[in-house]
Amino acid sequence: QVQLVESGGGLVQPGGSLRLSCAASGSIFKIYAMRWYRQAPGKQRELVAAITSGGSTNYADSVKGRFTISRDNAKNTVYLQMNSLKPEDTAVYYCNRAYPPWDWGQGTQVTVSS
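Below or above, wherever it landed, is the structure these notes cover. Keep in mind that this is a model prediction, so the values were computed, not measured. (Residues numbered from 1 in each chain as written. Predicted model: local features only at pLDDT ≥ 70, side-chain atom pairs only at ≥ 80, totals over all residues. Heavy atoms only, no water.)

1. Examining the packing of aromatic side chains
Using the criterion set out here, one finds three aromatic pairs in the structure. Judged by centre distance (5.2 Å) and plane angle (75°), the rings of Tyr37 and Trp104 are edge-to-face. Taken together, the residues span a long stretch of sequence, with Tyr37 in strand β4 (residues 34-39) and Trp104 in the loop between β9 (91-97) and β10 (108-112) at a distance of 67 residues. A ring pair is formed by Tyr94 and Trp104, whose centres lie 5.9 Å apart and whose planes are at 85°; its orientation type is edge-to-face. Taken as a pair, Tyr94 in strand β9 and Trp104 in the loop between β9 and β10 lie far apart in primary sequence, 10 residues in all. Judged by its relative accessible area of 12%, Tyr94 is buried. Under the relative-accessibility criterion, Trp104 is labelled partly exposed at 36%. An aromatic cluster is built from Tyr37, Tyr94 and Trp104, whose rings are joined through pairwise contacts. Over the face of the ring belonging to Tyr94 we find Arg45, whose NZ or CZ atom lies 4.3 Å from the ring centre. It is Arg71 that lies over the ring of Phe29; its NZ or CZ is 4.8 Å from the centre. (Phe/Tyr/Trp six-rings, centres within 6.5 Å; stacked < 30°, edge-to-face > 60°. Helix = DSSP H or I, 4+ residues; strand = E, 2+ residues; numbered from the N terminus. Buried < 20%, exposed > 50% of the residue type's maximum accessible area, 1.4 Å probe, protein only. Lys NZ or Arg CZ within 6 Å of the ring centre and 35° of its normal.)

What follows is the structure, encoded as structure tokens:
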């Protein structure tokens, strides 16, 4: 079973930036589409960004133009560059395979506050 380890979260002021990383164990990472999700307190987990094995990307309307998803298949890692952060971006961020999902990692907390 693939293990996912998210990192890079933290406390940042509105307008700031963070870069999240998600490392996946296993040698077949490169063939899968990957996604970043987030879950805010009291809310359902929502899809934030997706990237195919070929590098095509899609974003939720709420983050379009501010977030960028990318991947480095040699490192089995997917990234989420987050710019112009807003308080409503505060959540625990998770990555996973598009379908079917692997076991969820622990996520990384992002808090946007002044």
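2. Let's talk about the sheet that holds strand β3 (residues 18-24)
Spatial ordering of the open sheet is given by β1-β3-β8-β7, a layout of four strands whose pairing is antiparallel. Strands with a single pairing partner mark the edges of an open sheet, and in this sheet they are β1 (4-7) and β7 (67-72). The mean inter-strand angle of the sheet, taken between neighbouring strand axes irrespective of direction, is 15°. Note: β7 against strand β8 (residues 77-82), six bridges, orientation antiparallel. Its bridge partner lying in β8, Ser70 is registered against Tyr79. (Pairing = 2+ DSSP bridges. Axes fitted to C-alpha atoms, helices over the stretch in contact; angles between N-to-C directions.)

3. Quick notes on the pattern of salt bridges
Enumeration according to the criterion identifies four salt bridges in this entry. Here Glu46 and Arg38 are joined by a salt bridge, their closest N and O atoms 2.6 Å apart. Owing to a relative accessible area of 35%, Glu46 belongs among the partly exposed residues under this scheme. Between Asp89 and Arg38 there is a salt bridge; the shortest N-O distance is 2.9 Å. A residue pair is termed long-range when its members are at least 10 positions apart, and Asp89 in the loop between β8 and β9 and Arg38 in strand β4 qualify at 51 residues. Accessibility assignment for this pair places Asp89 and Arg38 in one class, buried. Three or more residues are tied together by salt bridges with common partners; here these are Arg38, Glu46, Arg66 and Asp89. (Salt bridge = Lys/Arg side-chain N within 4 Å of Asp/Glu carboxyl O.)

Distances and angles like these do not, on their own, reveal function.
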